Amino acid sequence: MDPTDPRSYRPISNLPVSSKLLERLVARQLLAYLNTSGLLPRLQSAYRPHHSTETAILKVLSDVLLAIDAGDLSALVLLDLSAAFDTVDHSILLRRLEHTYRLGGVVLEWFRSNLVGRRQHVRTSSSSSTAAVIICGVPQGSVLGYSLFAVHRRSAVTD
């Protein structure tokens, strides 16, 4: 990627500590609800406590070795999802939280207020761009963003 091209960079949300603490509490409650309700895939390793990339890699390696031992052909396709966080459509995510994950009332409205109407701008040492409303993406630097991304992707696969 070209380091002089602004499109090579992702915006980072400068969130206050109080916001991060609140998001951490919400993320913990959301994941607890999703886990106890059986709404997350058993093998999802990303953005969950007590799961790691190491366990995900071991699962993939085990599956490939078992297939080879059984005489089957195996292929591994790797995808770069570095910009995937920017693709989370807010309206789709909110609809999925309501219908797929059965969240409603004050909880759903909190998520709506946290996502809808966010604005971003680019600032350098000498200038600043005009602020634009963000309609897609979870905030980079947000504690809750990773959980919302996992919820959105899980739904996209199963819907």
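The structure we're discussing is the one just above.
Residues numbered from 1 in each chain as written. Predicted model: local features only at pLDDT ≥ 70, side-chain atom pairs only at ≥ 80, totals over all residues. Heavy atoms only, no water.

Trainee: Help me out: how do you make sense of the pattern of salt bridges in this one?
Mentor: Side-chain pairing between opposite charges can occur once the charged atoms of the two side chains come close. In total, this model carries 2 salt bridges according to the counting rule given. Linking K59 and D63 is a salt bridge whose minimum nitrogen-to-oxygen distance equals 2.8 Å. Taken together, the positions of K59 and D63, both in helix α2 (residues 53-69) and 4 residues apart, correspond to about one turn of that helix. A salt bridge links E109 to R112, with the nearest nitrogen and oxygen atoms 3.2 Å apart. Remark: R112 and E109 occur in helix α4 (residues 105-115); sequence separation between them is 3 residues, near one turn of the helix. What makes E109 partly exposed here is its relative accessible area of 41%. (Salt bridge = Lys/Arg side-chain N within 4 Å of Asp/Glu carboxyl O. Helix = DSSP H or I, 4+ residues; strand = E, 2+ residues; numbered from the N terminus. Buried < 20%, exposed > 50% of the residue type's maximum accessible area, 1.4 Å probe, protein only.)

Trainee: Before we go on, may I ask you to explain unusual backbone geometry in this structure?
Mentor: It is generally the case that most residues other than glycine have a negative phi and that most peptide bonds are trans. Although it is not a glycine, R102 sits at a positive phi angle of roughly 55°. Locating R102 in the fold gives a position in the loop between α3 (90-99) and α4. Assessed through its relative accessible area of 54%, R102 is described here as exposed.

Trainee: Would you mind showing me how to read the environment of N35 here?
Mentor: With respect to the helices and strands, N35 occurs in helix α1 (residues 17-36). Spatially, the C-alpha atom of N35 lies 9.7 Å from that of R48, the residues being 13 residues apart in sequence. With residues near it in sequence (within four places) discarded, N35 still touches L40 and R48. (Contact = heavy atoms within 4.5 Å.)

Trainee: It is not clear to me how the nonpolar core should be interpreted in this structure. Could you clarify?
Mentor: Most often, soluble globular proteins keep nonpolar side chains buried together rather than apart. Membership of the largest hydrophobic core comes to 23 residues, with the highest contact counts inside it found for L30, L34, L97, F111 and L148. When residues of this core are traced back to their parent elements, those giving at least two are α1, α3, α4 and α5 (145-158). For this core, the element with the most residues is α1, which contributes 5 residues. Dropping the residues within four chain positions of it, L97 is found in contact with R102, L103, L108, F111, L148 and V151. (Core = buried A, V, L, I, M, F, W, Y, C linked by side-chain atoms within 4.5 Å.)

Trainee: Help me understand the packing of aromatic side chains, please; the structure alone is not making it clear to me.
Mentor: Here a ring pair, both rings aromatic, is described through the centre-centre distance and the interplanar angle of the planes. If you walk through the whole model with that rule in mind, you get 2 aromatic pairs. Ring plane angle 85° and centroid distance 5.3 Å describe the contact between W110 and F111, whose orientation is recorded as edge-to-face. Given a relative accessible area of 2%, F111 falls into the buried group. (Phe/Tyr/Trp six-rings, centres within 6.5 Å; stacked < 30°, edge-to-face > 60°.)

Trainee: Help me understand the packing of α1 against α4, please; the structure alone is not making it clear to me.
Mentor: The packing of two helices is summarised by the inter-axis angle and the distance between the axes. For the pair α1 and α4, the least separation of the axes is 13 Å and the interaxial angle reads 135°. In terms of orientation, α1 and α4 fall into the oblique class. Between α1 and α4 the crossing geometry is left-handed. Counted together, L22, E23, V26 and L30 of α1 and W110, F111 and N114 of α4 form the full contact between these two elements. Tallied by class, the residues present in the contact of α1 with α4 amount to 5 nonpolar, 1 polar and 1 charged. (Axes fitted to C-alpha atoms, helices over the stretch in contact; angles between N-to-C directions. Parallel < 35°, antiparallel > 145°, perpendicular 65-115°, else oblique. Left-handed = near helix turned anticlockwise from the far one by under 90°. Nonpolar A, V, L, I, M, F, W, Y, C, P; charged D, E, K, R; others polar.)

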